[in-house]
Structure formats: structure tokens, C-alpha cells
Amino acid sequence: RSLQIFRSCRWNCFRFANGSVKNPDRLDFSLYKNTDETNPRKKNRRILVAESDRLSYVGHNFGAGSLKCNNLCKYYVGVLNKQTMQMEVHNAQLFNMQPAIPDCTQIRKKLALSSRKLNQVGSDTLQHAVDKAAKTVINKKGLEALQQEVADAESQGELALHLPPCNADADKQENVYPFDNLLSPVEFEALEEAGSKMAAVTSEELQKMRDDGGCLSVVRHLENLPTADEARVKTARCAFYLSLLLKLLLTVPFPLRLQNTVSASMRAKIAAYCLALLLHLGHMTADLTLLHRDLRITEARMIEVAKSMGLTIIRPARAKADEAGLQDNHTQASLLLPLVKYEQFTERRKRKKMH
């Protein structure tokens, strides 16, 4: 695949790009150099030409097709004199020999022009078909209905990105949103000390948590801690973990005008994870009213998150006028199998972009 020829005590090593040469003796080599020897950039430029009866090859040590290795290191060729059995070492450089095809450029230009014409015809045909299909759909459904569908699909897509890992085909409720995916065994064990303190809170400390606000969902479960050891430990540890998640959403002023702000997407993700944890603590039922107050999001947004998780929404019955002020009705969410597949959220308000 490579040959060497000797020129003025300098060896030029070359290789052929399209294969090995079977009869190198039939090749006629010529070496050309730049005539401008005063220019330091041009005086070392060389062009090597190898001609045969069928094809010619050209290689050069400059330009885009040259081998960059000539600039990175030096090459030497050792020549053994069989009579004296001594090795002579000569400087060498590499050439990549490319076949020179006559009129190749013109052929390529014609092929490129033909390809562009075919692509243009295909593009015009496709655009015409798309326009026709779009007009048909718009005439059938109406522009406003299509815009609403797009907005609803984007809303569902945004929420789907923030849901915890879900196994919709699970045969048990607790396996739909597996507990280990919400709180890994390592993390659960790390909460041992904090969970013990949470399980030992006094009534005064619970009242302070109520007054401070922001952890009403946690307080509700601490007020009703299970008596069984395993369930009590699980509830206490999860309650502490939930309190940490809820504190992430609080906006706390920092020095130098910095604030701990949470984006809407992260708020939705925390809401989904909190809801999934509360389902495990509440026998697959959670209080959405308390949670949306803790998360400081609207009830409508909280219901959207619950619906995106496939939960069944249980709204409170309307109370009479004289009883409405005496009770605090809460909206609940339950995980029932199979999961509910809701239609697109038509009740969601359109957000106006502020420019």
C-alpha cells in the first residue's frame, strides 16, 4: 500500500487512497516544487504525481488534502546498503495519493443541479399536500378549537415531564407510584434520627406548626400517627421528608438582594412527588385542599396535577348557606385502578405572556 522513492537525498513516502498498487514498477513518478524559494511558506511545497496507463494519482504536502502529520513530527527512512551492511538514514515526508479523474468537477456540478431540481419539486409537492390537509382540518374543527387543543396538549405535556415514575399497568394501588422510587431505601434509612424526633413532637409544637403554616399536610398525619411500629416509623420519616420539600417552596430573602425562588415547573414536580407520598401515607387518598395551601398554588393547578397522575377527584358536597361557614370542606384525590384518563383540561385558564 505504500512505496518509497529517493529524490535528492530526501525520501517521499506515499500511499494510494483507493487501494494497493500491484505493479509499482509501471508507475512513472514526478516531483514538483514551488519556484518561489524566497517565500518561506511556499518554498517547501511539493506535488507528487504518479502516472500509469489507466489512471494518474496526485498528492501534495500543502492545502486541505495534505497529511497534517508532516507538521506534527519528522519522519525518517533507513536504507540498508547490502554491500557494506550499513544503514543510511534520510529525511522523509508523507503524501496521500488521490486519483485524478478528468472532468470530475463538471460531472459533480451536473449531478448537484439535478438533485436540487428534484428536491425542489418534491418540496413543492409536499408543501401543497400539507396546506391542503391543514385547510381540511381547520374547516372541519374550526381554528379556535384547534388552538385550544394545542394549548391543552402543551399543558398535559408539561405536567407529564414532572410526574414521578409511574407503572400504569400495576395490579396493586401501591405499585402504581412505587414508594422506593419516591424515597429510596438509603434515603429512608438516613431519616431514622429525624423521623424519631418528628414522632415525638408535642401538642404545643404541633400548634406552632399550624400557626406558622406551610406544613398543614404534615400536621394532619402527625396528629394521627399509627400505633403500629412499622407504620408509625414510616409516617414519621415521610412527614419530615415532606416538610423539607414544602420548605423548598418558601421564598426566603437573602443578603445582597438574592431570593430563593422556585420555578413553576419545579413547583409542579414537587407537588406531584408530595401528592404521591401522601397517597402512601393515607391509604391511597390525599387531601388536595391542604396540599395546595402548603404548596401555595391554586386549587385548580393542584387538581390538574392530580388529574395528570390519573387520580380520582372527590369534591365536597355543596353545603347549605347557613352551614357553609361552619365547615371547611376539602377536595380529596384517590388512586383507584384502573387509573382515570381525563380529557384535555378545558378549564385551565390561558396564560398571557408579558412582554
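Predicted model only: the values in this text are computed from it and were never measured. (Residues numbered from 1 in each chain as written. Predicted model: local features only at pLDDT ≥ 70, side-chain atom pairs only at ≥ 80, totals over all residues. Heavy atoms only, no water.)

## A word on the overall build of the protein
No. 1: Counting secondary structure elements, the protein contains 13 helices and twelve strands.
No. 2: Split into buried and exposed, the 355 residues of the protein put 30% on the buried side.
No. 3: Taking contacts inside the protein between residues at least 6 apart in sequence as the whole, the part at least 24 apart equals 58%.
No. 4: For the protein, the accessible area works out to roughly 24500 Å², and carbon and sulfur atoms hold 53% of it. (Helix = DSSP H or I, 4+ residues; strand = E, 2+ residues; numbered from the N terminus. Buried < 20%, exposed > 50% of the residue type's maximum accessible area, 1.4 Å probe, protein only. Contact = heavy atoms within 4.5 Å. Areas by Shrake-Rupley, 256 points an atom, 1.4 Å probe, with all protein chains shown as cover.)

## Some remarks on the nonpolar core
No. 1: With 48 residues, the main nonpolar core has Leu-275, Leu-295 and Met-302 as its most contacted residues.
No. 2: For this core, the secondary-structure elements that each account for two or more residues are helix 4 (179-182), helix 7 (203-212), helix 8 (216-223), helix 9 (229-247), helix 10 (264-281), helix 11 (288-295) and helix 12 (299-308).
No. 3: When residues of this core are assigned to their parent elements, the largest contribution, ten residues, is made by helix 10.
No. 4: With residues near it in sequence (within four places) discarded, Leu-275 still touches Ala-286, Leu-288, Leu-291, Met-302, Ala-306, Met-309 and Leu-311.
No. 5: Counting residues in each nonpolar core, the second largest holds seven residues, with Phe-29, Leu-48, Ala-50 and Phe-95 among its members. (Core = buried A, V, L, I, M, F, W, Y, C linked by side-chain atoms within 4.5 Å.)

## Things to note about the pairing of strand 6 (residues 75-81)
No. 1: As paired strands, strand 6 and strand 7 (residues 86-100) are joined by seven bridges and run antiparallel to one another. Following the sheet pairing, Tyr-76 is matched in strand 7 by Asn-91. (Pairing = 2+ DSSP bridges.)

## Side note on the confidence of the model for the protein
No. 1: When pLDDT is averaged along the protein, the result is 77; 74% of the residues meet or exceed 70.
No. 2: Mean pLDDT values for the elements of the protein range from 40 in strand 1 (residues 2-7) up to 94 in strand 12 (residues 332-334).
No. 3: Within the model, the stretch residues 252-256 combines pLDDT values under 50 with six contacts to residues more than four positions away or in other chains. (pLDDT = per-residue confidence, 0-100.)

## Section: the packing of aromatic side chains
The geometry of an aromatic ring pair comes down to the distance between the two centres and the angle between the two planes.
No. 1: Considering all chains together, one arrives at one aromatic pair under this definition.
No. 2: Ring geometry for Phe-179 versus Phe-188: centroids 6.0 Å apart, planes at 80 degrees, classification edge-to-face.
No. 3: Residue Phe-179 is classed as buried on the basis of its relative accessible area of 13%. (Phe/Tyr/Trp six-rings, centres within 6.5 Å; stacked < 30°, edge-to-face > 60°.)

## Observations concerning unusual backbone geometry
Generally, phi is negative for residues other than glycine and the peptide bonds are trans, each holding for most cases.
No. 1: With an omega of -5 degrees, the peptide bond between Leu-337 and Pro-338 qualifies as cis.
No. 2: Look at Met-284: it is not a glycine, yet its phi comes out positive at around 65 degrees.
No. 3: Topologically, Met-284 is positioned in the loop between helix 10 and strand 10 (285-287).
No. 4: Accessibility expressed as a relative area gives 8% for Met-284, which makes it buried.

## Some thoughts on the packing of helix 7 against helix 8
No. 1: Where helix 7 meets helix 8, the closest approach of the two axes is 9 Å, and the angle between their N-to-C directions is 155 degrees. In this view, helix 7 runs roughly antiparallel relative to helix 8, as classed from their interaxial angle. Crossing of helix 7 against helix 8: the hand is left-handed. Across the interface between the two elements, Leu-206, Met-209 and Arg-210 of helix 7 pack against Leu-216, Val-218, Val-219, Leu-222 and Glu-223 of helix 8.
No. 2: Broken down by class, the residue content of the contact of helix 7 with helix 8 amounts to six nonpolar, no polar and two charged. (Axes fitted to C-alpha atoms, helices over the stretch in contact; angles between N-to-C directions. Parallel < 35°, antiparallel > 145°, perpendicular 65-115°, else oblique. Left-handed = near helix turned anticlockwise from the far one by under 90°. Nonpolar A, V, L, I, M, F, W, Y, C, P; charged D, E, K, R; others polar.)

## Section: a nonpolar patch on the surface
No. 1: A surface patch of nonpolar side chains, about 550 Å² in accessible area, is lined by Tyr-76, Leu-80, Met-85, Met-87 and Val-89.
No. 2: The set of elements that each furnish at least two residues to the nonpolar patch consists of strand 6 and strand 7.
No. 3: If you trace the backbone, Tyr-76 turns up in strand 6. (Patch = residues over 30% accessible without salt bridge, like charges linked within 9 Å, V, L, I, M, F, W, Y side chains within 5 Å. Salt bridge = Lys/Arg side-chain N within 4 Å of Asp/Glu carboxyl O.)

## Digging into the sheet that holds strand 11 (residues 312-314)
Backbone-to-backbone hydrogen bonds join strands into a sheet, with any given pair of strands oriented parallel or antiparallel.
No. 1: Spatial ordering of the open sheet is given by 10-12-11, a layout of three strands whose pairing is antiparallel. One side of each edge strand has no neighbouring strand; the edge strands of this open sheet are strand 10 and strand 11. On average, each strand axis in the sheet is inclined to that of its neighbour by 25 degrees, with strand direction left out of account.
No. 2: Strand direction decides the pairing type here: strand 11 and strand 12, joined by three bridges, are antiparallel. Note that in strand 12 the partner of Ile-314 across the bridge is Gln-332.
No. 3: Sitting on the sheet, helix 10 touches strand 10 and strand 12, and the angle it makes with strand 10 is about 125 degrees.

## Some remarks on the side chain of His-221
No. 1: Within the secondary structure, His-221 sits in helix 8.
No. 2: Among all residues touching His-221, those that are not within four sequence positions of it are Thr-235, Leu-278, Leu-281 and Gly-282.

## Here we look at the pattern of salt bridges
No. 1: Applying the stated rule across the entire model yields five salt bridges.
No. 2: Taking the shortest distance from any N to any O, the salt bridge between Glu-223 and Arg-210 comes out at 2.3 Å. You can see Glu-223 sitting in helix 8 and its partner Arg-210 sitting in helix 7, a full 13 residues away along the chain.
No. 3: Accessibility expressed as a relative area gives 32% for Arg-210, which makes it partly exposed.
No. 4: Among the salt bridges present, the one from Asp-287 reaches Arg-220, with a minimum N-O distance of 3.8 Å.

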